[in-house]
Amino acid sequence: MPQRVLIAGTSPLLAGRLAARCLAAGDRSADAEVVLLSVVRSRPGAPAPGRWELAGFVTEHGSGAEGPAAPDAGRLTVVCVEPDGVDAELKTWTAEQVWCVVPGWDRSRARGTRADAALAGSLLAALPGLGARRYVQVGQDPAPDDDRARRTCRDLERPAVEACLDSGVAWRMLRTAPVVDARAPALGECPPGAHRLLWALDSVRAEVADRAPDWFERQPLRVAGAAGLGLSLLTAERAAGELWRAGAPGDLPDGFATVPRPAPVPLTDVLARAGAVHGIDVRPVPDRADFNAVDRLLDLRLTDVRRQAVRLRGTAPPAGPSDAAQAARSGGPARGTPRSEPDGTDTAATGAAQAPVPPSADGTGASEGAPSLSPAGQWELFGAVRANGASPDAARGTGGLLQRVVDVAGRPLVLFEGGTGEGPPLLVLNALGQGPGFLTRLCAHLVPHHRVVTWQVRGTEREDPPWGTRHQLDDIDAVLEAVGAERAHLLGWCTGAKIATAFQQHRPGAVASLVFLNATFRQNDRWDGMDTKYESDLAAVCRALDRRPEKATWMLDLLAPGAAGGSGSPGARDAGVLGVLSRALADEVRRPFRDAEVLVRYARQLVDLWRLDSAAQAPRVAVPTLFVCSEFDGISSPVRAREAARCFPHARYAELAVAGHYAPHDRPALVAELITEFVRAPREVADLVRYAEITWHIDTEGTAR
């Protein structure tokens with residue numbers, strides 16, 4: 001009877017590669033049945049692959065020129081489950097050998113650590129029921145100076161060894177550095193190191209090109225802090241081969257092994273080649289003194305890349321303890337020295353062996369400092385990653401939403417809805433006078449994870465009657481009834497934030513949480529010096545038009561905004577090209593200013609909204625509240641939004657660096673991720689989405705940080 005191998009992992013890329021190795025192995029496991037259990041929570045910007053997609057990946061990548069022969073897909077079963085469904089799924093299987101693939105590659109460290117620990121715990125608890133005789137755990141090989149990752153790795157390995165010893169199961173603890181693979185983006189993965197670097201360049205290029213397509217033809221992109229550092233470019237195929245040889249069924253003793261890192265490639269060389277693939281002139285500079293906004297954005301997104309980099313031989317080490325001293329202090333080994341057990345004990349104490357990874361069958365060798373990818377190989381790989389990372393234009397159509405019309409107060413209300421997420425729907429309140437185009441990209445990233453509903457805000461079209469704040473609350477009531485929901489998460493963009501707050505006071509039980517994007521909390525007769533220049537000009541003109549509507553024609557040219565953010569808060573640096581309006585929003589921005597009659601209606605809606613004192617309502621808001629604002633928002637004051645957040649009892653305030661008023665359009669995946677994690681775990685969102693370009697200011701009790 002053929003044995004069954006269960007390979008469960010939080011990395012479909014690495015777990016899939018191992019499954020291909022197992023199926024195509026030419027040893028005693030040649031007849032093995034493989035169950036590939038992919039445990040990945042899909043999220044905006046990183047959709048988890050489906051079972052058919054993952055099965056195709058395993059079949060395809062077991063037959064590459066540098067890999068084994070094509071595997072027999074008939075012996076493969078692929079199961080994709082959410083993390084909370086692992087325990088139930090494991091009860092339906094038996095397996096002689098169990099692989100737990102938890103390399104710690106999630107972009108969010110806290111989220112990744114939790115997911116890896118949960119999967120490892122479920123597998124270890126299920127070993128007796130599975131009938132397993134052998135357990136192999138694949139964890140991360142941390143960068144030399146990354147003490148936090150080293151502790152996390154030990155915290156995963158220690159209970160695994162103890163559980164296997166208690167149950168009499170043979171075990172192997174393996175470690176691997178982050179890998180590079182052309183198909184990683186297609187599988188929703190972005191491992192640390194080279195992939196994060198490629199993502200950073202591509203994301204910055206896309207954000208700039210959305211405003212000025214030829215900008216990089218005229219401007220270089222400057223990078224600091226890369227000198228003397230290198231990245232190890234370990235291919236996923238090679239890592240899987242080494243891991244399989246170190247943990248495959250056989251008579252190998254219990255113990256530890258690490259896939260050696262290839263010789264590091266200078267980070268400046270990697271940046272130059274990756275930049276050329278993206279059509280960007282990347283230039284190393286000694287410091288950040290002359291950085292513009294685009295340079296700053298890339299610098300923030302390279303933070304994690306620098307953490308993964310290693311110091312090149314022959315270069316001066318950074319200030320601080322040497323590698324050996326650092327290793328002694330952290331309880332881990334220095335590079336190139338024998339390693340002890342993850343808990344600091346000698347291997348003889350447990351009878352375990354420190355086994356090297358066996359030499360590879362493909363002749364590449366397994367010694368420390370083995371050759372890295374050639375320059376030609378890097379060009380080919382970086383180009384393939386970019387090609388596979390290309391995504392459809394999310395701005396096309398209505399973001400995956402279907403349109404329908406409902407009758408409210410005897411007049412039609414146009415709804416856009418889509419998605420099938422569990423729990424209360426997400427009601428998206430657009431800004432007054434605006435069409436759905438501003439939020440199309442954001443909705444496209446939210447629909448796979450939530451039931452999303454938005455609508456055409458009324459009151460500015462010629463056929464609309466006067467439609468004040470009270471009428472907007474009635475529309476929300478009608479939308480809830482139309483979609484058959486008793487409660488909803490309310491997401492308010494710009495002026496939608498004040499309306500969402502008012503509705504929560506109107507019907508507290510109908511609101512599960514509040515999310516405010518680039519919110520304006522301006523109020524009439526409150527002169528606090530926090531207005532942006534645009535807010536001040538808009539308020540003066542709207543008050544004048546409310547009294548003298550016949551002045552609208554000559555005021556049209558005074559109001560239409562031509563920038564996405566300007567300089568933002570007082571004293572902020574210039575946003576440069578990132579302050580230019582996205583070309584996709586040009587028509588949307590002009591919508592309330594297209595003629596005199598529409599402008600008067602819009603002005604009167606704003607004057608009515610500014611009478612609302614949201615600050616007085618805020619202390620009575622008992623639901624979790626998330627503020628997402630932008631450093632360079634020159635439309636809605638981020639300073640006032642931060643002050644408003646302090647009035648909400650259960651608020652979080654996140655500020656996006658080097659972003660403008662239209663951040664939900666410019667960075668839809670990041671904003672959607674913030675929303676998704678907040679809805680799932682409002683009190684933990686600041687830990688789950690802690691990236692270098694986000695500054696968290698307010699904790700769950702409304703206290704300034």
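Each chain carries its own residue numbering, running from 1 in the direction its sequence is written. With the structure being a predicted model, the display of local features is reserved for residues of pLDDT at least 70 and the display and counting of side-chain atom pairs for 80 or more, all residues being used for whole-chain, interface and lining totals. Each side-chain value is derived from all of the structure's non-hydrogen atoms; neither hydrogens nor water enter the calculation.

### Here we look at the overall build of the protein
A helix here means a DSSP run of H or I that spans at least four residues, while a strand means a run of E at least two residues long, and both kinds are numbered starting from the N terminus. The number of helices and strands found in the protein is 26 helices and 24 strands. Burial analysis of the protein (705 residues in total) assigns 58% to the buried set. The contact definition used throughout considers only heavy atoms, calling two residues in contact when any of these lie within 4.5 Å. When contacts within the protein are restricted to residue pairs at least 6 apart in sequence, those whose partners lie at least 24 apart make up 81%. The method behind every accessible area is Shrake-Rupley, applied with a 1.4 Å probe, and residues are considered shielded solely by the protein chains displayed. Carbon and sulfur atoms make up 52% of the accessible area of the protein, which totals about 27500 Å². Think of it in three bands: residues with accessible area under 20% of the maximum for their type are buried, residues over 50% are exposed, and the middle band is partly exposed, with areas taken using a 1.4 Å probe on protein chains only.

### Considering unusual backbone geometry
Positive phi, normally seen in glycine, also occurs at C494, with a value near 60 degrees. Its place among the elements puts C494 in the loop between β20 (488-493) and α17 (496-506). C494 gets classed as buried once you look at its relative accessible area, which sits at 11%. Non-glycine residue V658 carries a positive phi angle of around 55 degrees.

### So, the packing of aromatic side chains
Ring pairs are drawn from Phe, Tyr and Trp, using the six-membered ring of Trp, whenever the two centres fall within 6.5 Å, and their geometry is named by plane angle: stacked under 30 degrees, edge-to-face over 60, tilted for the rest. For the structure on display, the rule yields 14 aromatic pairs. Aromatic side chains W171 and F256 sit 5.4 Å apart centroid to centroid with 70 degrees between the ring planes, which places their arrangement in the edge-to-face category. One end of the pair, W171, is in strand β6 (residues 170-176); the other, F256, is in strand β11 (residues 255-258), and 85 residues separate them in sequence. The residues W171 and F256 share a single accessibility class, namely buried. Members of the aromatic cluster, each reached through a chain of ring pairs, are F516, F521, F627, F648 and Y653.

### Overview of the sheet that holds strand β17 (residues 411-418)
The rule for pairing is simple: two strands pair if DSSP sees at least two bridges between them. The nine strands are arranged β16-β17-β19-β18-β20-β21-β22-β23-β24 in an open sheet whose pairing can be described as mixed. The strands lining the two open edges of the sheet, one partner per strand, are β16 (402-408) and β24 (694-698). Each strand of the sheet is rotated relative to its neighbour by a mean of 25 degrees, with strand direction disregarded. Across four bridges, the pairing between β17 and strand β19 (residues 452-455) is antiparallel. By the bridge assignment, L415 is partnered in β19 with W455. Against the sheet, helix α23 (residues 638-645) engages β22 (625-630), β23 (651-656) and β24, with an angle of about 160 degrees to β23. Think of each axis as a best-fit line through the C-alpha atoms, taken over the contacting stretch in the case of a helix, with angles from 0 to 180 degrees between the N-to-C directions.

### Observations concerning helix α5 (residues 147-167)
Turn by turn, an α-helix covers 3.6 residues, leaving residues three or four places apart pointing in a common direction. The length a helix should cover is 1.5 Å for every residue beyond the first. For α5, spanning 21 residues, the distance from its first C-alpha to its last is 31 Å, which sits close to the expected 30 Å at 1.5 Å a residue. When α5 is considered as a whole, its buried residues turn out to be D147, A149, R150, T152, C153, R154, L156, E157, A160, V161 and C164.

### Quick look at the pattern of salt bridges
Whenever Lys or Arg places a side-chain nitrogen within 4 Å of a carboxyl oxygen from Asp or Glu, that contact is recorded as a salt bridge. Going through the model one piece at a time under the given rule, you end up with 50 salt bridges. Here E677 ties to R111 by a salt bridge, and the two come within 2.8 Å at their closest N and O atoms. Taken as a pair, E677 in helix α25 (residues 668-680) and R111 in helix α4 (residues 109-130) lie far apart in primary sequence, 566 residues in all. Side by side, E677 and R111 carry an identical accessibility label, which is buried. Salt bridges sharing common partners tie together R43, D106, R111, E673 and E677.

### Focus: the packing of helix α6 (residues 194-209) against helix α10 (residues 293-301)
Pairs of packed helices are described in terms of their axes, by the angle between the two and the distance that separates them. Orientation of α6 relative to α10, taken along the N-to-C sense of each, is 150 degrees, at an axis distance of 9 Å. Relative to α10, α6 is oriented roughly antiparallel. Seen from above, α6 lies across α10 with right-handed handedness. In this structure, α6 uses W199, A200, L201, S203, V204, E207 and V208 to contact α10, whose residues at the interface are V294, L297, L298 and R301. Polar here means any residue outside two lists: the nonpolar Ala, Val, Leu, Ile, Met, Phe, Trp, Tyr, Cys and Pro, and the charged Asp, Glu, Lys and Arg; Gly therefore counts as polar. Looking at side-chain class alone, the contact of α6 with α10 contains eight nonpolar, one polar and two charged residues. Between 65 and 115 degrees an angle is taken as roughly perpendicular, under 35 as roughly parallel, over 145 as roughly antiparallel, and anywhere else as oblique. Handedness of a crossing is defined here by the sense of rotation of the near helix relative to the far one, left-handed for an anticlockwise turn of less than a right angle and right-handed for a clockwise turn.

### Considering the environment of V270
Along the chain, the position of V270 falls in helix α9 (residues 267-277). Among the residues examined, V270 registers a relative accessible area of 1% and is labelled buried. Sequence-wise, V270 and Q378 are 108 residues apart; in three dimensions their C-alpha atoms are separated by 8.1 Å. Once residues within four sequence positions are removed from consideration, V270 is found in contact with L197, L231, V265, Q378 and F382.

### Focus on the sheet that holds strand β9 (residues 229-231)
The strand order across the open sheet built from three strands is β12-β9-β14, with neighbouring strands paired in antiparallel fashion. In this open sheet, the two edge strands, each paired with only one partner strand, are β12 (265-266) and β14 (310-311). Direction of pairing for β9 relative to β12: antiparallel, over a ladder of two bridges. In the strand pairing of β12, L231 is matched with V265.

Without other data, these values stay purely geometric and don't point to any function.
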